[in-house]
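# Descriptive analysis of the structure
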Amino acid sequence: MRPRVIIIGAGFAGLNAAKALKNAPVDVLMLDKNNYHTFQPLLYQVATAGLEVGDIAMQVRHIFRKQANFRFRQATVTDVNWDTKEVIVRGGESLSFDYLIIAAGAIYNNFGVKGVYEHGFMLKSLTEAANLRSHMLKQFELASSHPELIETGLLNFVIVGAGPTGVEMAGALAELLDRVLPKDYPELDLNRAKIILLEMTDKVLLPYSKETQAYTQKVLENLNVDIRFKTTVAEVMPDAVKLKDGSSIPTQTLIWAAGVRAHPLVENLGLELDRGFRAKVNPDLSLPDKPYAFMVGDMAAAKDKLGELLPQVATVAIQQGKHVGKQIRRLQEGQRTKVFEYFDKGSMAIIGRNAGVAELSKNLGGFHLRGFLGWLGWLFIHLIYLPGHQNKANALLEWAYNYFTYDRHVRLITYMKTSEGETDLAKEHERQGVSA
Ligand SMILES: Cc1cc2nc3c(=O)[nH]c(=O)nc-3n(C[C@H](O)[C@H](O)[C@H](O)COP(=O)(O)OP(=O)(O)OC[C@H]3O[C@@H](n4cnc5c(N)ncnc54)[C@H](O)[C@@H]3O)c2cc1C
């Protein structure tokens, strides 16, 4: 019988591990709580009415329909029995493996702040993104019927964290307010709507160069985003956010983009953890004392040559997924595994129309692009990585439509019921509030 490789998670790491095992003499079984892969970097576009839910997700079975050694099961993993080499899924069923790849990703870190999971919005799943869009549009409907409520913060949109997610969300929301919604709500004075970006440090896009930070700040300010530096959130309440300095901002829309931590599954596995609850891994990404099990992507505390933790970004997850797929092939062939080395290509973010930033790593010449070229580069890279030809075509068409008409057509208020998988995520959020 051929050895069985179980992969937990159909994210960037899991998908690439499975692809690297194509035609290998193993049977691959992928488990995910959803039946689809979510392209998380574009969730903010769903939340701001730029793209449809289906444009940024793809059914896992479809992705692997031509891979003969691949099987999928929609299942939520709750534990691993290392003694019997079995994965335990919700409902109690056990699935045995010879090799295991754990790639369940991350959740938002509330950093111990009360009320974040209960009253805040997060951009981690399709449902969250679509419901955030509906919630924000609903605020404008309410304001139209009851303009007196604007005084109570109805149209205050507070984003916490000026990293790439916070910056992209703020920019896209500002454009929605500036160019699209005035046509829908001629009766409303949209100058009364505010986007407030709260940042603990004194910089936007912390890891980027000073020039890029200054450019990003300027673009956001031109879009009327109110950036408040050195501002720390103390508590999130249903109708306000309380700050550490004792003041508060009235809002019913707080978007938490303040950083992530490893998926709580990691705490059930009896592993040694590093910063951000990420599991310590060997240089080849296998788990200590478990040469048959690998941890990849946002869950793994893999380090670079200087001993720094690698960032929790898609490019790391993709390369790690490919790497462990190849290592399992090597083990099958009786060879030793190789050390994982991250090839940093750089980072990019989009702030608004014709305004993107891209900083290529030294490995690729170290060029920095800002403005139209940065924006074009961002579009091109995201189209390349977005899985599925149809999704690429849909996204390209939507972007062209939005660009030339200054419109966004996905302005529907339709609440999505959370699937079993996403209800779990909410519970994990609560649980993290206890343990973080
Ligand atoms: C809003 C947002 C914007 C981002 N933008 C960028 C960007 O521009 N560039 C960039 O490089 N990175 C970006 N990232 C980070 C990037 O998306 C992550 O680093 C990447 O998704 C990590 O890949 P992964 O495979 O480790 O986990 P994920 O892609 O999160 O995949 C984890 C998978 O595991 C599944 N899963 C979770 N728990 C279970 C369970 N118990 N049982 C079964 N399945 C489970 C999930 O359903 C999911 O499919 C962004 C992230 C977010 C949230």
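Quick caveat, the model's predicted, so the values are computed rather than measured.

## Some points on the overall build of the protein
The helix and strand tally for the protein stands at 11 helices and 25 strands. Its C-alpha radius of gyration of 22 Å places the protein within 12% of the 22 Å reference for a compact globule of 436 residues. Viewed in the frame of its principal axes, the protein has a C-alpha envelope of about 70 × 45 × 40 Å. Within the span of the protein, comprising 436 residues, buried residues form 45% of the whole. Sequence separation of 24 or more characterises 65% of the internal contacts of the protein that already satisfy a separation of 6 or more.

## A short note on the pairing of strand β11 (residues 156-160)
With 5 of its 5 residues buried, β11 lies for the most part within the structure. Of the two faces of β11, the one lined by Asn-156, Val-158 and Val-160 and the one lined by Phe-157 and Ile-159 are each fully buried. At this point the chain moves from β11, through helix α6 (residues 164-184), to the parallel strand β12 (residues 194-198), and the crossover so formed is right-handed.

## Let's talk about the pairing of strand β15 (residues 240-243)
Pairing of strand β14 (residues 233-237) with β15 involves 4 bridges; the strand directions are antiparallel. Directly across from Met-237, in β15, lies its bridge partner Ala-240. Between β14 and β15, which follow one another and run antiparallel, lie 2 residues. Alignment of β15 against strand β16 (residues 248-250), held across 3 bridges, turns out to be antiparallel.

## Quick word on the site of the ligand
What surrounds the ligand is a group of 33 residues, the closest being Gly-9, Gly-11, Gly-105, Gly-297 and Val-313. Counting only elements with at least two residues in the shell around the ligand, the list comes to α1 (12-20), β2 (27-32), α2 (43-47), α6 and α8 (314-332). Counted by class, the shell around the ligand contains 17 nonpolar, 12 polar and 4 charged residues. When residues of the shell around the ligand are assigned to domains, at least three map to each of domain 1 (4-33 + 75-108 + 261-332) and domain 2 (116-258 + 346-435).

## A look at the sheet that holds strand β25 (residues 368-371)
Overall, antiparallel pairing links the 3 strands, which are arranged β23-β24-β25 in an open sheet. Every interior strand has two partners, whereas the edge strands, β23 (346-352) and β25, have only one. Along the sheet, successive strands turn relative to each other by an average axial angle of 5°, direction set aside. Here 4 bridges tie strand β24 (residues 355-360) to β25, and the two strands are oriented antiparallel to one another. Each residue of the ladder has a partner; that of Glu-359, found in β25, is His-368. Across the sheet, helix α9 (residues 372-385) is in contact with β23, β24 and β25; its angle to β24 comes to roughly 75°.

## Notes on α6
Here α6 spans 29 Å end to end across 21 residues, near enough to the 30 Å set by a 1.5 Å rise per residue. Where α6 bends most, the angle comes to about 40°, and this point is Leu-177. Burial analysis of α6 places 15 of its 21 residues in the buried class, the great majority of the element.

## Focus on the domain arrangement of the protein
Split into domains, the protein comes out as domain 1 (4-33 + 75-108 + 261-332) and domain 2 (116-258 + 346-435). Taking only C-alpha atoms into account, the centre of domain 1 sits 30 Å from that of domain 2.

## Digging into the sheet that holds strand β1 (residues 4-8)
Here we have 6 strands laid out as an open sheet, ordered β5-β2-β1-β9-β21-β20, and mixed in their pairing. Either end of the sheet is taken by a strand with one partner, and the two such strands are β5 (70-74) and β20 (286-287). Bridge count for β20 against strand β21 (residues 290-295) is 2 bridges, and the pairing is antiparallel. In the strand pairing of β21, Ser-286 is matched with Phe-294.

## Observations regarding unusual backbone geometry
Phi angles above zero are rare outside glycine, and Ala-49 is one such case at about 70°. When you line up the elements, Ala-49 lands in the loop between α2 and β4 (57-59). Residue Ala-49 is classed as buried on the basis of its C-beta count, with 23 C-beta atoms lying within 10 Å. We note that Asn-354 has phi near 60°; this positive angle belongs to a residue other than glycine. Residue placement: Asn-354 occurs in the loop between β23 and β24.

## Description of the environment of Glu-52
Relative to the helices and strands, Glu-52 resides in the loop between α2 and β4. Here Glu-52 falls in the partly exposed class, since 18 other C-beta atoms lie within 10 Å of it. Linking Glu-52 and Asn-394, residues 342 residues apart in sequence, is a C-alpha distance of 8.9 Å.

The rules behind these values
- Residues numbered from 1 in each chain as written.
- Predicted model: local features only at pLDDT ≥ 70, side-chain atom pairs only at ≥ 80, totals over all residues.
- Helix = DSSP H or I, 4+ residues; strand = E, 2+ residues; numbered from the N terminus.
- Rg over C-alpha atoms; globule rule 2.2 N^0.38 Å.
- Buried ≥ 20, exposed ≤ 12 C-beta atoms within 10 Å, placed from the backbone.
- Contact = placed C-beta atoms within 7 Å.
- Right-handed = clockwise from strand over helix to strand, strands pointing away.
- Pairing = 2+ DSSP bridges.
- Near = placed C-beta within 6 Å.
- Nonpolar A, V, L, I, M, F, W, Y, C, P; charged D, E, K, R; others polar.
- Domains from an automatic or database assignment.
- Axes fitted to C-alpha atoms, helices over the stretch in contact; angles between N-to-C directions.
- Expected span 1.5 Å × (residues − 1).
- Bend = angle between axes of the 7 residues up to and from the residue.

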